[in-house]
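Residue-level structure breakdown
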Amino acid sequence: MAKTYRVAVLPGDGIGPEVTREAVETLRLVGEIRGFTLQLTTYPFGAEHYLKTKEAFPASALEEMRGQDAILLGAIGDPRLPVGMLERAIISGIRFGLDLYVNLRPIKLYAADLCPLKGKTPEHIDMVVVRENTEDVYAGIGGFLKKGTADEVAVQEMIFTRKGVERVIRYAFDLARVRAKAKKLTLVDKANAVGAMDLWTRAFEEVGREYSDIARDHAYIDAACMWMVKNPESFDTIVVSNMFGDILTDLGAAVQGGMGIAASGNIHPGKVSMFEPIHGSAPKHAGKNVASPIGAILAAQMLLQYLGETEGAEVIEDSVAELFATGKLKSAGTDSGVGTREQGDWIRQSARRRASTPT
Ligand code: IPM
Ligand code: MG
């Protein structure tokens, strides 16, 4: 009997719906090719829904998502609402609510001409960042004193727990082991200035002893940014705390060709996990058919990989790589010269071709 996957789809705001549509159509096609079906539940949460109903992200939706196999998210954020309000309610709501402690962000250059760095080619840029996803300043421990007065105090704590740090480090070591590349894991932190990060140093060292086949490396976050630009080839697998990982992976996205094409997975191994492009809602580009659908399509690819549909995931990745190789796109951004829809169609045609050509 054909496998059925239940996937929650949350297109969200701005360019979210149009890029999500391409990702969903691509998933459906791959399902046809590989013989699985998708049972999709689409959720309306985002700015329009909030403005109409005053509902941001109800607990009942999170409970429903808990019973699905995976979640696909487009983008959240709208300038009409207070900064970060919906992002915290929906994105953080899902990450924290489902304890998705790994934020997995591959940084892979698919074609040399996408890279803004001089002389760097696909062989130089192929790494994966494992960003901790449930602690740090994102944990929301803090608040205001005397808010709005001249004596105001604002505090937000950088929380690290032994359990939280250890589990993400362990995930990263396991990943470094299955990656074909360098068998090297780099810990990125700021332990020289932030004393609490000594917890990372010790956990990395202790867990690392169980992985004697994996070389251990270390870089402070400021230096890691410098190496990312200067010598991206020095990285294979990186493990990093939440906020530093947020920043480092935007830089990583730029190095691989742009925010439009970078994808991520919010993962709790063995449980329902959430996949999303790393770009935001880009309201000024919404509805114009100019946003790159590649970030969302590669998020769908990661989703399939997570569900164990490895061949299906490969079909998507190969088709994306082929699109870049054709040189059809002037860039991987909104000025690519090829529409959102057209890029999606092209990728699906390529996937179809692959399926009908016996290997
Ligand atoms: C990301 C985003 C989010 C984050 C925002 C939207 C809260 O920048 O997924 O990287 O900071 O994690
Ligand atoms: Mg970010």
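Structure's up top.
What you see is a predicted model, and the numbers here were worked out from it, not measured in a lab. (Residues numbered from 1 in each chain as written. Chains lettered and ligands numbered in written order. Predicted model: local features only at pLDDT ≥ 70, side-chain atom pairs only at ≥ 80, totals over all residues. Heavy atoms only, no water.)

1. Overview of the overall build of the protein
Summing up its helical and strand segments, the protein has 11 helices and 12 strands in all. Taking 2.2 N^0.38 as the reference for a compact globule, 359 residues should give roughly 21 Å; the C-alpha atoms of the protein span a radius of gyration of 20 Å, in line with that estimate. Expressed along its principal axes, the backbone C-alpha trace of the protein runs to roughly 60 × 50 × 45 Å. Among the 359 residues that make up the protein, the fraction classed as buried is 52%. Roughly 15,600 Å² of accessible area belongs to the protein as shown, and the carbon and sulfur atoms make up 54% of that amount. Looking at charge distribution, the protein has the averaged site of its 42 positive side-chain charges lying 1 Å from that of its 46 negative ones. (Helix = DSSP H or I, 4+ residues; strand = E, 2+ residues; numbered from the N terminus. Rg over C-alpha atoms; globule rule 2.2 N^0.38 Å. Buried < 20%, exposed > 50% of the residue type's maximum accessible area, 1.4 Å probe, protein only. Areas by Shrake-Rupley, 256 points an atom, 1.4 Å probe, with all protein chains shown as cover. Lys, Arg positive; Asp, Glu negative; His and termini not counted. Charge placed at Lys NZ, Arg CZ, Asp CG, Glu CD.)

2. Concerning the side chain of Gln301
Mapping Gln301 onto the fold places it in helix H9 (residues 294-307). Here Gln301 falls in the buried class, since its relative accessible area comes to 8%. In this structure, Gln301 is in contact with Ala313, Ile316 and Glu317, ignoring residues within four places of it in sequence. (Contact = heavy atoms within 4.5 Å.)

3. A look at the packing of aromatic side chains
For the structure shown, the criterion picks out 8 aromatic pairs. An angle of 25 degrees between the planes, with centres 6.2 Å apart, marks the rings of Tyr110 and Phe324 as stacked. Note that Tyr110 is positioned in the loop between strand S4 (102-108) and strand S5 (126-132) and Phe324 in helix H10 (residues 310-325), a separation of 214 residues in sequence. Its relative accessible area of 16% is what places Tyr110 among the buried residues. Their ring planes at 25 degrees and their centres at 5.3 Å tell us that Phe173 and Phe204 sit as a pair that is stacked. Pair noted here: Phe173 is in helix H5 (residues 162-178) and Phe204 is in helix H6 (residues 198-208), with a separation of 31 residues, a long-range link. In terms of burial, Phe173 and Phe204 fall into one category: buried. Put simply, the rings of Tyr43, Phe45 and Phe57 pair up and form one aromatic cluster. (Phe/Tyr/Trp six-rings, centres within 6.5 Å; stacked < 30°, edge-to-face > 60°.)

4. Examining the site of ligand 1
Residues in contact with ligand 1, as listed here, are Glu87, Arg95, Arg105, Arg131, Tyr138 and Asp246. Between an oxygen atom of ligand 1 and a side-chain N or O atom of Arg95, the distance comes to 2.7 Å. One of the side-chain nitrogen or oxygen atoms of Arg105 is found 2.8 Å away from an oxygen atom of ligand 1. Summarising the interface, the protein chains cover 75% of the accessible area of ligand 1, which totals 320 Å² for the free molecule. The pocket occupied by ligand 1, as judged from atoms lying within 2 Å of grid points, is the second largest pocket. Counted by class, the shell around ligand 1 contains 1 nonpolar, no polar and 5 charged residues. (Near = heavy atom within 4 Å. Polar contact = N/O pair within 3.5 Å; in protein donor to acceptor, adjacent residues only side chain to side chain. 1 Å grid on protein atoms, 1.4 Å probe; cavity = no way out; pocket = protein on both sides within 12 Å on 5 of 7 lines; lining within 4 Å. Sits in = over half its atoms within 2 Å of the grid points. Nonpolar A, V, L, I, M, F, W, Y, C, P; charged D, E, K, R; others polar.)

By themselves, these observations are geometric and do not establish any function.
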